[in-house]
Amino acid sequence: MSQPSYAEHPHTAAAPAVRGTNVMAILSLVFAFVFSPIGIVFGHIARKQIRRTGEQGSGLATAGLVLSYVFTILGILWIVFVFVVAANSGSTTA
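Residues numbered from 1 in each chain as written. Predicted model: local features only at pLDDT ≥ 70, side-chain atom pairs only at ≥ 80, totals over all residues. Heavy atoms only, no water.

Asks: I tried to follow the nonpolar core on my own but got confused; where do I start?
Replies: Generally speaking, a soluble globular protein has its nonpolar side chains buried in company with each other. If you look at the biggest cluster of nonpolar residues, it comprises six residues: Met24, Ala25, Phe42, Ala46, Ile50 and Ala61. If you list the elements that add at least two residues to this core, you get helix H1 (23-34) and helix H2 (36-53). Per element, the largest residue contribution to this core is three residues, and it comes from H2. (Core = buried A, V, L, I, M, F, W, Y, C linked by side-chain atoms within 4.5 Å. Buried < 20%, exposed > 50% of the residue type's maximum accessible area, 1.4 Å probe, protein only. Helix = DSSP H or I, 4+ residues; strand = E, 2+ residues; numbered from the N terminus.)

Asks: Is there a simple way to explain the environment of Val66 in this structure?
Replies: One can find Val66 in helix H3 (residues 58-89). By relative accessible area, which is 47% here, Val66 ends up partly exposed. Spatially, the C-alpha atoms of Val66 and Ser36 are 10.0 Å apart, while their sequence positions differ by 30 residues.

Asks: Help me understand the environment of Phe71 in this model?
Replies: Counting through the fold element by element, Phe71 comes out in helix H3. Accessibility expressed as a relative area gives 30% for Phe71, which makes it partly exposed. Residues Phe71 and Phe35 lie 36 residues apart in sequence; the distance between their C-alpha atoms is 8.8 Å. Apart from the residues within four sequence positions on either side, Phe71 is in contact with Ala32, Phe33 and Ser36. (Contact = heavy atoms within 4.5 Å.)

Asks: I tried to follow the packing of H1 against H2 on my own but got confused; where do I start?
Replies: Helix-helix packing is characterised by the crossing angle of the two axes and by the distance between the axes. Following both chains from N to C, one finds H1 and H2 inclined at 165 degrees, their axes separated by 7 Å at the closest point. When the axis of H1 is compared with that of H2, the two are roughly antiparallel. Between H1 and H2 the crossing geometry is left-handed. Contacts between H1 and H2 pair Met24, Ala25, Leu27, Ser28, Phe31, Ala32 and Val34 from the former with Ser36, Ile38, Gly39, Phe42, Gly43, Ile45, Ala46, Gln49 and Ile50 from the latter. Considering only residue class, the contact of H1 with H2 consists of eleven nonpolar, five polar and no charged. (Axes fitted to C-alpha atoms, helices over the stretch in contact; angles between N-to-C directions. Parallel < 35°, antiparallel > 145°, perpendicular 65-115°, else oblique. Left-handed = near helix turned anticlockwise from the far one by under 90°. Nonpolar A, V, L, I, M, F, W, Y, C, P; charged D, E, K, R; others polar.)

Asks: Explanation requested: H1 in the structure shown.
Replies: For an α-helix, the turn length of 3.6 residues means that residues three or four places apart are oriented alike. Taking 1.5 Å per residue as the helical rise, H1 with its twelve residues ought to reach 16 Å, and the 16 Å between its terminal C-alpha atoms agrees with that figure. On its buried face, H1 sits against H2 and H3. N-cap assignment for H1: the residue whose side-chain oxygen lies 2.8 Å from the backbone N of Met24 is Asn22. (Expected span 1.5 Å × (residues − 1). Polar contact = N/O pair within 3.5 Å; in protein donor to acceptor, adjacent residues only side chain to side chain.)

Asks: What exactly am I supposed to notice about a positive patch on the surface here?
Replies: A grouping of Arg47, Lys48, Arg51 and Arg52 is seen on the molecular surface, where their side chains present a positively charged patch. Among the structural elements, Arg52 can be located in helix H2. (Patch = residues over 30% accessible without salt bridge, like charges linked within 9 Å, V, L, I, M, F, W, Y side chains within 5 Å. Areas by Shrake-Rupley, 256 points an atom, 1.4 Å probe, with all protein chains shown as cover. Salt bridge = Lys/Arg side-chain N within 4 Å of Asp/Glu carboxyl O. Lys, Arg positive; Asp, Glu negative; His and termini not counted. Charge placed at Lys NZ, Arg CZ, Asp CG, Glu CD.)

Asks: Hey, could you run me through a nonpolar patch on the surface in this one?
Replies: Together, Ile26, Val30, Phe33, Val34, Phe35, Ile38 and Leu60 make up an exposed nonpolar region whose accessible area comes to about 620 Å². For the nonpolar patch, the element with the highest residue contribution is H1, accounting for four residues. Checked against the element boundaries, Leu60 lands in helix H3.

Such coordinate-based values are descriptive only and should not be taken to indicate function.
Structure representation (structure tokens):
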């Protein structure tokens, strides 16, 4: 009696390497909430790296940049508001 023959499976090519998410893009989004000026710097660095390397994370970098700019502007407006209120509160005449 002969053994049943099994069809050989054709060798498939390995899956292409998946590029990970850019770390600077993640940090840009995180620092948008922690210290937004650093989020701006990290976001620009991440976008440059993503264009060069083809990594994932373009959306994260963009979101980090937008949020960082918004929070930075709001922070500056808040500081100006506090100074204006402080300057006006000391000049009351009775």
